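# Descriptive analysis of the structure
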Amino acid sequence: MVVRLNPSFLTLSQQPHHTAYFSKQVTVRCSYGRHMKRGDLGRPQILPSVLGNNDGLRVFVVSDLHTDYAENLKWVKCLSTVKHKNDVLLVAGDVAETYHMFVATMSLLKDRFEHVFYVPGNHDLWCRREGQNYVDSLEKLNELLDACKRIGVETNPVAVGELGIIPLFSWYHESFDKEKDITGFRIPPLEMACKDFYACKWPNGLSNGDTSLALYFDAMNDKQMKVIEEIQKTCDHIITFSHFVPRQELCPEKRMLFYPKLPKIIGSDSLEDRIRSIHGTEGRRDASSCHVFGHTHFCWDAVVDGIRYVQAPLAYPRERMRRMNGGENWLPFCLYADQKFADRLNPCYWSDYYSANPRTPHNTKLAPWVARFYKQKESVDV
């Protein structure tokens, strides 16, 4: 039975999440190398959505709030307590590192929006500043989900009017990266560059070093399949959302990245399979399929194989100052209003770039802004 909400006044109900691990195989399905015309793009500020003033059901999206930063918490507090009272907000993970700040942030958002949906990100499950409060990151996850239930934040699939909203739990795995590695430079290993390897704590059998975590989190979605199937049958439009990245082409190529190994710690093949099982292999009719994600802090809006993929990150203060995410005045982004999806984010630096330039992952020559940070390895004659 699907929970169906009148968007104007009903209170959300919640059921606790299932965290049992089901071992299963992942079917890898990816497509790359869509040919596009070449162009030259700048990095201007993003403008607010033109759908922002409609009176009907409106859905706003944002990811990577990182309210452990005072500037980001201030941004949340400055959101109107009036204009969003009838709106829905999707929060695609990485709210805060500590439990206390997570609860404070989600409470502020629930005070401002009628309905708030959430999926966990990696920073939310860090334990490094939590003392001995949690045995591991799974215990913290359960505490966060319990907090969401108390606050009135939804973490399960729900129909809001004729719109289906489906949160998808996920994690990344290194084998998600299928593109050629950058070699010949001294690039730090994942364990040194990614804080998840020591800030998260996992029980035996789960590890960042293989696919076990990605499979574990994906299996958490199985419990909701009957609800999802009913949403598929009854809803005209569906929005799925996750924290992690479902396809590698939703991230710049390695040679463009300040940390070229980033694609190894961003996404999951099983997440894309899950999305396609919901929206269809070619998406739904009439451009009614959309997936929202986060994690990489790159503003993104692109249609790939019939599904629209959107990232609208608040990101870190230093990134906003350089407008790496398009600034902050356009956030949260109004993705859906008046029974239709908004026009695409414009401008959107990296997805705009790839709409005009082919992806060339075989090219491993570092971009100039990246190369200056790395020393080449010295060759040794034997």
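An account of the accompanying structure is given in this report. All values derive from a computational prediction rather than experimental measurement.

Moving on to the side chain of Arg 359. Topologically, Arg 359 is positioned in the loop between α10 (349-356) and α11 (368-371). Among the polar contacts listed, one links the side chain of Arg 359 to the backbone oxygen of Gln 248, at a separation of 3.1 Å. From its side chain, Arg 359 meets the backbone oxygen of Cys 251 in a polar contact 2.8 Å long. The residues contacting Arg 359, other than those within four sequence positions of it, are Glu 179, Gln 248, Glu 249, Cys 251, Pro 252, Glu 253 and Tyr 354.

Below, the discussion takes up the packing of helix α2 (residues 99-112) against helix α3 (residues 137-151). Contact pair α2 / α3: the axes reach a minimum separation of 10 Å and the direction vectors enclose 25 degrees. Relative to α3, the element α2 is oriented roughly parallel. With respect to the hand of their crossing, α2 and α3 are arranged in right-handed fashion. Of the residues in α3, those touching α2 at Tyr 99, Phe 102, Val 103, Met 106, Ser 107 and Lys 110 are Lys 140, Glu 143, Leu 144, Ala 147, Cys 148, Arg 150 and Ile 151. Looking at side-chain class alone, the contact of α2 with α3 contains eight nonpolar, one polar and four charged residues.

With that settled, the discussion passes to unusual backbone geometry. The omega torsion across Leu 331 and Pro 332 is -10 degrees, close enough to zero to call that bond cis. As for its placement among the helices and strands, Pro 332 is situated in the loop between α9 (317-321) and β11 (333-337). Backbone geometry at Asp 305 places phi at a positive 50 degrees, although glycine is not the residue there. By the secondary structure assignment, Asp 305 is in the loop between β9 (300-304) and β10 (307-311).

This next bit is on the sheet that holds strand β2 (residues 58-62). The five strands lie next to each other as β4-β3-β2-β11-β12, forming an open sheet whose pairing is mixed. The sheet terminates laterally at β4 (115-118) and β12 (340-341), the two strands that pair on one side only. Bridging between strand β3 (residues 88-91) and β4 involves four bridges; their strand directions are parallel. Residue pairing in the sheet places Val 91 in a bridge with Tyr 118 of β4. Across the sheet, α2 touches β3 and β4, and the angle it forms with β4 is around 145 degrees.

The next subject is the state of the cysteines. Tallied over the entire structure, the rule returns zero disulfides. Of all cysteine sulfurs, the one in Cys 200 lies closest to Cys 127, which takes part in no disulfide; the gap is 6.7 Å. For Cys 127, a relative accessible area of 5% puts it in the buried group.

As a further point, take helix α7 (residues 225-234). Those residues of α7 not exposed but buried are Val 227, Ile 228 and Ile 231. All buried residues of α7 fall inside an arc of 100 degrees around its axis, so they share one side. Exposed residues lying more than 90 degrees from the buried face of α7 are Lys 226 and Lys 233. Close packing links the buried residues of α7 with β5 (158-160), β6 (163-167), β7 (237-241) and α8 (269-279).

A few words now on the side chain of Ser 63. Of note, Ser 63 is situated in the loop between β2 and α1 (70-77). Ignoring any residue separated from it by four or fewer positions in sequence, one finds Ser 63 in contact with Ala 92, Gly 93, Phe 293, Gly 294, Gln 311, Ala 312, Pro 313, Leu 314 and Ala 315.

Our next topic: α1. Turning to α1, its buried residues number three or more, namely Asn 72, Leu 73, Trp 75 and Val 76. Along the axis of α1, the buried positions cluster into a sector of 155 degrees, meaning they face one direction only. What points out from α1, more than 90 degrees from its buried face, is the exposed set Ala 70 and Lys 74. Of the surrounding secondary structure, the elements contacted by the buried residues of α1 are β2, α2 and α9.

In this description, a pair of aromatic rings is defined by centroid distance and the angle of the planes. The tally for this structure, following the rule as stated, stands at 18 aromatic pairs. Plain terms: the ring middles of Trp 171 and Tyr 172 are 5.4 Å apart, the flat faces sit at 25 degrees to each other, and that makes the pair stacked. Overall, the relative accessible area of 1% leaves Tyr 172 in the buried class. Look at Trp 202 and Phe 217: their rings are 6.1 Å apart centre to centre, the planes differ by 85 degrees, and that puts the pair in the edge-to-face class. One end of the pair, Trp 202, is in the loop between α5 (196-199) and α6 (212-219); the other, Phe 217, is in helix α6, with 15 residues separating them in the sequence. Here Trp 202 falls in the buried class, since its relative accessible area comes to 17%. In textbook terms, an aromatic cluster arises when at least three aromatic residues are bridged by ring pairs, as seen for Trp 171, Tyr 172, Trp 202, Tyr 216, Phe 217 and Phe 244. The ring of Tyr 354 has Arg 359 sitting right over it, with the charged end atom 5.4 Å from the ring centre.

For β10, a buried count of five out of five residues is recorded, marking the element as mostly surrounded by other parts of the structure. Along β10, one buried face is formed by Ile 307, Tyr 309 and Gln 311 and the opposite face, lined by Arg 308 and Val 310, is buried too. Where β9 lies against β10, five bridges are found, and the strand directions are antiparallel. Each residue of the ladder has a partner; that of Val 303, found in β10, is Arg 308. Connecting β9 to the next strand, β10, in antiparallel fashion are two residues, including Asp 305 with a positive phi near 50 degrees.

Rules used throughout
- Residues numbered from 1 in each chain as written.
- Predicted model: local features only at pLDDT ≥ 70, side-chain atom pairs only at ≥ 80, totals over all residues.
- Heavy atoms only, no water.
- Helix = DSSP H or I, 4+ residues; strand = E, 2+ residues; numbered from the N terminus.
- Polar contact = N/O pair within 3.5 Å; in protein donor to acceptor, adjacent residues only side chain to side chain.
- Contact = heavy atoms within 4.5 Å.
- Axes fitted to C-alpha atoms, helices over the stretch in contact; angles between N-to-C directions.
- Parallel < 35°, antiparallel > 145°, perpendicular 65-115°, else oblique.
- Left-handed = near helix turned anticlockwise from the far one by under 90°.
- Nonpolar A, V, L, I, M, F, W, Y, C, P; charged D, E, K, R; others polar.
- Pairing = 2+ DSSP bridges.
- Disulfide = S-S within 2.5 Å.
- Buried < 20%, exposed > 50% of the residue type's maximum accessible area, 1.4 Å probe, protein only.
- Arc of directions from axis to C-beta.
- Phe/Tyr/Trp six-rings, centres within 6.5 Å; stacked < 30°, edge-to-face > 60°.
- Lys NZ or Arg CZ within 6 Å of the ring centre and 35° of its normal.

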